[in-house]
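These are the residues of each chain, in order.
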Amino acid sequence: MPGLRRRFGDYGGRYVAETLHEALDELEAAFVTIVPSEAFRTELDRLLRTYVGRPTPLFRADRLARAIDPKNETISALYLKREDLAHTGAHKINNAIAQVLLARTMGKTRIIAETGAGQHGVATATAAALFGLPCEVFMGAEDIARQAPNVGRMRLLGAAVRPVTSGSRTLKDAMNEALRDWVTHVRTTHYCVGSAAGPHPYPELVAQFQTVIGEEARAQMLEVEGALPDAAIACVGGGSNAIGLFRGFLADPSVALYGVEAAGAGLDTERHAATLTRGRKGVLHGAKTLVLADDGGQILEAHSVSAGLDYPGVGPEHAHLRDTGRATYLTTTDGEALAETRRLARTEGLLVALETAHAFARVEEISRREARTRGRPVTLLVCLSGRGDKDLATTLPALEAAETP
Amino acid sequence: MSTARIAGAFERRRAAGQGVLVTYLCAGFPDLETSVAVALACVEGGADVLEIGCPFSDPTADGEVIARASTAALRRGGGLSTALEVAARVRAVSDVPLVLFGYYNPIFVAGERETAQRALAAGVDAFLVVDLPPEEEQELGPAASELGLGVVPLVAPTTRESRIARLAGARPLPPFVYCVSVTGVTGRAADGLAVASRRAREIGDRVGAPAVVGFGVTGPSSAREAGLHADGVVVGSALVQVVEDATARGLSPSETAKLVREATSPLAHAVHTRNEPSAPPPSAPRT
């Protein structure tokens, strides 16, 4: 039986309590046998087309391009892959639908998930409702407070939202609690992990389910531009939308890959979530990867204005792509992300998720860099990973405060 | 060989037809002084092996009692170094076998070889790393065995035959096998401890090492049940709860230690007298 990729360079692996090994083996075996089957493929394709709304469009953002580069010096075209138009408003649904379909095929009768911003929680609750499976979502108490609309959506979809009050009360602790629940109910429950992180086989499994973003975008770019983009850009918390986009272009050396993570209050402070930029090698939530940890190996609390990026780890494949230099990782502060949110709203009429705004805030820098290297204006592709309605409780007061002299 | 201490404890009890009591404590909870006193109280109460828990920020396999203790210990700056200090101070006055219990990241960040050396110097006999399965044990196992330290593997109710067979083929053999009684986190009350005990016996026989039952042993009667067939029984959360309650009442380290000793001794009696079910425990009501 051919397995899935267990390691990405030195990263990845399966560092979990013994109780979970059997379930992870079972999941890997199911992935390898069920996912390639005609029946699964047909059903997933049908759901992605008729329920999720795929393929999501590629939008050429000319007003934003001109706002960034008024004289046409660095950007020849700027394309957005509109994952915000997927059902539930973010790329998370691609993975959630596929995992819950897989879980149902495996005979699992209960779904659990962790969520930060709530996008993955909403996506999982949606998929569970679609398949008629009970669903519980673990969410940090802090995130519940700042993502109220998504909490309401999950409850309306029939999911039980379990507040997590341990540790930093955010995504990391929600994942701890989900793992504890899974250890306890492992025989009947599928843990729908939301990012390309966690123990093997999740990083590979989630990446494969998100690769639809990159594959579609690649074909769409070839169709509209007749060429590949010069750079593909995405925000990185755990890194699932980024790896989904990158996988479409990994084999194309001319396409530069950029991930953007959260610098929070600034890299020179302790309040950031820039794991790839400031992290160290370590083991968190089942994978060897880059983590924010102190010298004693204790995991530090991450900080970002965006609940979805507020995670002290990152998917192991990103750590590997950083080490090999295939992808470049930059950072955006809370303030820059908020300002970018406003710019996108006003130039293109797009209310993007705070996560996504991190990626957009580096487009200018990337366009200059790539234009200099290539000696011409460049074509850029940005993953618009999700819409920002859920963030209004955070963005509106912050932007008002910034506008008040 | 340092694992000789552990082997000796199991051999002595086995020769007498008795089980081994392993107790867990969270190093640095509620503070360093008290946790050393608690460790020694466990020994005085009859514990044969001590698991010294390294507090970790993300204890995904632990229930709320141990997770709370870990968080409290970390707030005081505890961690791997605290656990090694507790070990060294216990070792200075006792020959009780010591198992360093924890999660992998603090060991990985400190360096596996360095940690093994520091552990040896502190008088530790073996490691038990909850989230480091044999497949991923690239450095710690060899580093430990070069120094004569052991690595204790875990077996869960979900563990498949092929993984147990791998343990049976491992050289050096582990000092003992930790059989988890339930699919769950620490501290959850388990039914079917007798079944877990029988399974531990089978696994121990297959692997060729002593096997203990842990998780969900809440008092003397469940300790007796867990120890029916296994070589030993682990009690963790129940004793950490005693420490937590004592701390909440503002008791001194010696008063806390006294309560821990009083809680340990009926557990030890239950495990040590497993073949004499009619013998009354000395200080606990018959259950």
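Just above, that's the structure.
This text gives an overview of the structure that appears in the document.

Right, let's talk about the overall build of chain B for a bit. In terms of regular secondary structure, chain B is built from twelve helices and nine strands. By the compact-globule yardstick of 19 Å for 287 residues, chain B fits well, its C-alpha radius of gyration being 17 Å. Structurally, chain B occupies a C-alpha span of about 45 × 40 × 30 Å along its principal axes. Counting only residues that meet the buried cut, chain B has 62% of its 287 residues in that class. For chain B, contacts bridging at least 24 residues in sequence account for 77% of all contacts bridging at least 6. Looking at chain B as shown, the accessible area adds up to about 10500 Å², and 52% of this sits on carbon and sulfur atoms. When the 26 basic and 31 acidic side-chain charges of chain B are each reduced to a single mean position, those positions are 4 Å apart.

Think of two packed helices as two axes; the pair is described by the angle between the axes and how far apart they sit. All names here are of chain A. Between helix α4 (residues 92-105) and helix α5 (residues 119-131), the shortest axis-to-axis distance is 8 Å and the interhelical angle comes to 40 degrees. With respect to each other, α4 and α5 are oriented oblique. The handedness of the crossing between α4 and α5 is right-handed. Contacts from K92, I93, N95, A96, I97, V100, L101 and R104 of α4 reach α5 at Q119, H120, A123, T124, T126, A127, A128, L130 and F131.

Another aspect to go through is the sheet that holds strand β6 (residues 135-140) of chain A. Residues and elements named next belong to chain A. Read across the sheet, four strands follow the order β7-β6-β5-β8 without closing on themselves; strand pairing throughout is parallel. The open sheet is flanked by β7 (160-164) and β8 (189-191), the only strands paired with a single partner. Strand-to-strand twist in this sheet, taken as the mean axis angle between neighbours without regard to direction, amounts to 25 degrees. With five bridges connecting them, strand β5 (residues 110-115) and β6 associate as parallel partners. Looking across to β6, one finds that I112 is bridged to E136.

A few words on the side chain of A:E216. Residues and elements named next belong to chain A. Structurally, the position occupied by E216 is in helix α9 (residues 202-225). At 2.9 Å, the side chain of E216 forms a polar contact with the side chain of R54. Filtering out sequence-adjacent residues up to four positions away, E216 remains in contact with R54, P55, T56 and K81.

With that settled, the discussion passes to the pairing of strand β4 (residues 75-82) of chain A. Side-chain positions along a regular strand alternate between the two faces of the sheet. Residue and element names in this part refer to chain A. Within β4, seven of the eight residues are buried, which leaves it mostly tucked inside the rest of the structure. Pairing between strand β3 (residues 58-60) and β4: three bridges, direction antiparallel. Paired with L58 across the two strands is K81, which belongs to β4. Direction of pairing for β4 relative to strand β14 (residues 378-384): parallel, over a ladder of seven bridges. Each bridged residue has a counterpart across the sheet, and for I75 the counterpart in β14 is V378.

So, on to the interface of chain A and chain B. Contact with chain A, which involves 34 residues of that partner, is made by 37 residues of chain B. Between chain A and chain B, roughly 2800 Å² of surface is buried when both sides are summed, and carbon and sulfur atoms account for 50% of that area. When the buried surface of chain A facing chain B is broken down by residue, A:E18, A:R180 and A:Q298 rank first, second and third, together holding 24% of it. Where chain A meets chain B, there are six salt bridges. Among the ionic pairs, A:K172 bridges to B:D58, the shortest N-O distance being 3.1 Å. Where chain A meets chain B, there are 18 residue pairs in polar contact (both at pLDDT 80 or more). Of all the secondary-structure elements, those providing two or more residues to the side of chain A that touches chain B are α1 (21-34), α8 (171-184) and β11 (280-284) of chain A.

With that settled, consider the environment of A:L330. With respect to the helices and strands, A:L330 occurs in strand β13 (residues 327-333). Apart from the residues lying within four places of it in its own chain, the contact partners of A:L330 are A:Y258, A:G259, A:V260, A:E261, A:R362, A:E365, A:I366 and A:R369.

Turning our eyes to something else, we now look at the packing of aromatic side chains. One pass over the structure, following the stated rule, counts ten aromatic pairs over all chains. Measuring from ring centre to ring centre gives 5.2 Å for B:Y24 and B:F101, while their planes differ by 80 degrees; the resulting arrangement is edge-to-face. With B:Y24 in strand β1 (residues 20-26) and B:F101 in strand β3 (residues 98-102), this pair connects stretches of sequence that are 77 residues apart. As far as the burial class goes, B:Y24 and B:F101 line up, both buried. Through a chain of ring-to-ring contacts, three or more aromatic side chains come together here, namely A:Y15, B:Y104 and B:F108.

The biggest cluster of nonpolar side chains holds 192 residues, and the ones touching the most others in it are A:L102, A:W182, A:Y191, A:L245, A:L381, B:F127 and B:Y178. For this core, the leading source of residues is α9(A), giving nine residues. In terms of nonpolar packing, the next biggest core, distinct from the first, is built from 32 residues, A:A65, A:I68, A:L350 and A:V363 among them.

Residue and element names in this part refer to chain B. An order of β5-β4-β3-β2-β1-β9-β8-β7-β6 is seen for the nine strands of this open sheet, with the pairing classed as parallel. Taken across any chain shown, the strands that pair with only one partner, and hence form the sheet edges, are β5 (150-151) and β6 (154-155). Summarising the sheet, β6 and strand β7 (residues 177-180) pair through two bridges and their orientation is parallel. Bridging from a neighbouring strand, L154 pairs with Y178 of β7. Contacts from helix α9 (residues 193-207) reach β6, β7 and β8 (211-214) within the one sheet, and its direction differs from that of β8 by about 155 degrees.

A:R54 connects to A:P55 through a cis peptide bond whose omega is -5 degrees. Here A:P55 lies in the loop between α2 (38-52) and β3. The linkage connecting B:R171 with the following residue, B:P172, adopts the cis geometry, with an omega of 0 degrees. Checked against the element boundaries, B:P172 lands in the loop between α8 (161-168) and β7. In this model, A:N72 sits at a positive phi of 60 degrees, which is unusual for a non-glycine residue. Inspection of the secondary structure assignment puts A:N72 in the loop between α3 (62-68) and β4. Residues other than glycine seldom take positive phi values, yet A:H285 does so here, at roughly 50 degrees.

Moving on, we come to the pairing of strand β4 (residues 126-129) of chain B. Residue and element names in this part refer to chain B. Both faces of β4 are covered, namely the face carrying A126 and L128 and the face carrying F127 and V129. Pairing of β3 with β4 involves four bridges; the strand directions are parallel. Across the sheet, residue L100 finds its bridge partner in β4, namely F127.

Right, let's get into helix α12 (residues 316-324) of chain A. For α12(A), the set of buried residues is A:P316, A:E317, A:H318, A:A319 and A:L321. In the stretch just after α12(A), A:G325 is the one whose phi turns positive, near 85 degrees.

The subject of this paragraph is the side chain of B:S222. Residue and element names in this part refer to chain B. Of note, S222 is situated in helix α10 (residues 220-226). Under the relative-accessibility criterion, S222 is labelled buried at 9%. Residues contacting S222, with those up to four places away along its chain left out, are L193, G216 and V217.

About the criteria used
- Residues numbered from 1 in each chain as written.
- Chains lettered and ligands numbered in written order.
- Predicted model: local features only at pLDDT ≥ 70, side-chain atom pairs only at ≥ 80, totals over all residues.
- Heavy atoms only, no water.
- Helix = DSSP H or I, 4+ residues; strand = E, 2+ residues; numbered from the N terminus.
- Rg over C-alpha atoms; globule rule 2.2 N^0.38 Å.
- Buried < 20%, exposed > 50% of the residue type's maximum accessible area, 1.4 Å probe, protein only.
- Contact = heavy atoms within 4.5 Å.
- Areas by Shrake-Rupley, 256 points an atom, 1.4 Å probe, with all protein chains shown as cover.
- Lys, Arg positive; Asp, Glu negative; His and termini not counted.
- Charge placed at Lys NZ, Arg CZ, Asp CG, Glu CD.
- Axes fitted to C-alpha atoms, helices over the stretch in contact; angles between N-to-C directions.
- Parallel < 35°, antiparallel > 145°, perpendicular 65-115°, else oblique.
- Left-handed = near helix turned anticlockwise from the far one by under 90°.
- Pairing = 2+ DSSP bridges.
- Polar contact = N/O pair within 3.5 Å; in protein donor to acceptor, adjacent residues only side chain to side chain.
- Buried area = accessible area lost by both parts, 1.4 Å probe.
- Salt bridge = Lys/Arg side-chain N within 4 Å of Asp/Glu carboxyl O.
- Phe/Tyr/Trp six-rings, centres within 6.5 Å; stacked < 30°, edge-to-face > 60°.
- Core = buried A, V, L, I, M, F, W, Y, C linked by side-chain atoms within 4.5 Å.

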